[in-house]
Amino acid sequence: MASVLVIEDDPVIRSYLIEALVSYGHVVRSAADGFGGLREVTQARFDAVVLDLGLPDIDGRDALRMIRGISHVPVLVATARDDEAEIIRLLNTGADDYLVKPFSGGQLEARLAAVLRRTRPQEYAGGPAPAAGGALPLRVGDLLIDEQARSASLGGRELDLTRREFDLLTYLARRTGAVVSKQELLSEVWREPYVDDQTVHVHLSALRRKLGERAARPRYLHTVRGVGFKLVAPH
């Protein structure tokens, strides 16, 4: 069971989403516009947000940015916009996943469950509890990753990473020096093989910028042409 906020202006669709989520055992609150949804996020704790893009007061992408500015809650975007460039922009803005309308209650529940497994695996995937005292941080050169606190720093400077960027960086750091294929990242970080593989490149590009490097002159994050990617400590 999860606590879910639905931000959707159409009353018919909103009722459908609420009924579908409740039927799967979730606790649901709703808002009919973007600012109402933002108030809910600031006043209560949610496990996930289902966000419509066509809101009456602000554009859904702006609402997504505002949510990301105040919370790390997973956001599942429900949109009628199905062009690839728009979807990539949404994922890069901070969406954890998306559904193109129309969709069934079963599709919504499956995507929600996948997001919760990725973002809260101890609770939603039956994973083992953390060891007493917590795991030791990962260190690669001057890069320090604290999985317990979900924070990362480079040379003592905290990195402002999205949820997916943190997951991607952590996965590569656990395999320091090993080349990881794009297919492996899709399978193990996104855990959804049907995600467009361009998504990986978008997130890697964003991660490179936040590490202060470029693909042409990498320090930590290297591309092995035709094979995959690897994270290494600079020489």
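Residues numbered from 1 in each chain as written. Predicted model: local features only at pLDDT ≥ 70, side-chain atom pairs only at ≥ 80, totals over all residues. Heavy atoms only, no water.

## So, the overall build of the chain
In terms of regular secondary structure, the chain is built from nine helices and eleven strands. Considering only residue pairs separated by 6 or more positions, the chain has 55% of its internal contacts joining residues 24 or more positions apart. About 11600 Å² of surface is accessible on the chain, with carbon and sulfur atoms providing 51% of the total. (Helix = DSSP H or I, 4+ residues; strand = E, 2+ residues; numbered from the N terminus. Contact = heavy atoms within 4.5 Å. Areas by Shrake-Rupley, 256 points an atom, 1.4 Å probe, with all protein chains shown as cover.)

## A few points about the sheet that holds strand S2 (residues 27-31)
Strand order in the open sheet made by the five strands is S2-S1-S3-S4-S5, with parallel pairing throughout. The sheet is open, and its two edges are formed by S2 and strand S5 (97-100), each paired on a single side. Pairwise comparison of adjacent strand axes, ignoring direction, gives a mean angle of 20 degrees for this sheet. Taken together, the four bridges between strand S3 (residues 48-52) and strand S4 (residues 75-79) define a ladder with parallel strand orientation. Residue pairing for S4: Val50 is matched across the bridge by Leu76. Against the sheet, helix H2 (residues 34-43) makes contact with strand S1 (3-7), S2 and S3, and its axis sits at roughly 160 degrees relative to S1, the strand it touches most. (Pairing = 2+ DSSP bridges. Axes fitted to C-alpha atoms, helices over the stretch in contact; angles between N-to-C directions.)

## So, the packing of helix H7 (residues 163-174) against helix H8 (residues 182-190)
Packing of H7 against H8 brings their axes to within 10 Å, and their N-to-C directions diverge by 120 degrees. Here H7 is positioned oblique relative to H8, judged by the angle of their axes. The hand of the H7/H8 crossing is right-handed. Contact with H7, carried on its side by Arg164, Asp167, Leu168, Tyr171 and Leu172, involves Glu184, Leu185, Glu188, Val189 and Trp190 of H8 and no other residues of that element. Among the residues forming the contact of H7 with H8, the class breakdown is six nonpolar, no polar and four charged. (Parallel < 35°, antiparallel > 145°, perpendicular 65-115°, else oblique. Left-handed = near helix turned anticlockwise from the far one by under 90°. Nonpolar A, V, L, I, M, F, W, Y, C, P; charged D, E, K, R; others polar.)

## Some thoughts on the pairing of strand S10 (residues 221-224)
Judged from the four bridges that link them, S10 and strand S11 (residues 228-231) form a sheet pairing that is antiparallel. In the sheet register, His222 faces S11, and the bridge partner there is Lys230. Between S10 and S11, which follow one another and run antiparallel, lie three residues, and Gly226 among them has a positive phi close to 80 degrees.

## Points about the nonpolar core
By size, the foremost hydrophobic cluster in this structure holds 27 residues, and its most contacted members are Leu143, Leu185 and Leu231. Those elements that provide at least two residues to this core are strand S6 (138-140), strand S7 (143-146), strand S8 (151-154), H7, H8, helix H9 (198-210) and S11. The leading source of residues in this core is H7, at six residues. The residues contacting Leu185, other than those within four sequence positions of it, are Leu168, Tyr171, Leu172, Val180, Trp190, Val200 and Phe229. Of all hydrophobic cores here, the second largest spans 21 residues; its members include Leu5, Val49, Val75 and Ala95. (Core = buried A, V, L, I, M, F, W, Y, C linked by side-chain atoms within 4.5 Å. Buried < 20%, exposed > 50% of the residue type's maximum accessible area, 1.4 Å probe, protein only.)

## So, the packing of helix H4 (residues 84-93) against H9
The N-to-C vectors of H4 and H9 enclose an angle of 40 degrees; their axes lie 10 Å apart at closest approach. The orientation of H4 relative to H9 falls into the category oblique. As H4 packs across H9, the resulting crossing turns out to be right-handed. Residues Glu84, Ile88, Leu91 and Asn92 of H4 touch H9, and the partners they reach there are Gln198, Thr199, Val202, His203, Ala206 and Arg209. A per-class count over the contact of H4 with H9 returns four nonpolar, four polar and two charged.

## Some thoughts on the sheet that holds S6
Strand order in this open sheet of four strands is S6-S7-S8-S9, and the pairing throughout is antiparallel. On the outer flanks of this sheet lie S6 and strand S9 (157-158), each paired with one strand and no other. Strand contacts of H7: S6, S7 and S8, with the helix running at about 110 degrees to S7, the strand carrying the most contacts.

## Quick notes on the side chain of His26
Here His26 lies in the loop between helix H1 (11-23) and S2. A distance of 2.7 Å separates a polar atom in the side chain of His26 from a polar atom in the side chain of Glu109. (Polar contact = N/O pair within 3.5 Å; in protein donor to acceptor, adjacent residues only side chain to side chain.)

## Focus on unusual backbone geometry
The bulk of non-glycine residues show a negative phi, and the bulk of peptide bonds are trans. Cis geometry is adopted by the peptide bond preceding Pro102, which originates at Lys101 and carries an omega value of -5 degrees. Relative to the assigned elements, Pro102 resides in the loop between S5 and helix H5 (105-119).

## Brief notes about the environment of Gly60
Within the secondary structure layout, Gly60 lies in helix H3 (residues 60-70). Note on Gly60: relative accessible area 0%, which makes it buried. For the pair formed by Gly60 and Ile7, sequence separation is 53 residues and the distance between their alpha carbons is 9.4 Å. What Gly60 contacts, discounting residues up to four positions off in sequence, is Leu51, Asp52, Leu53 and Leu55.

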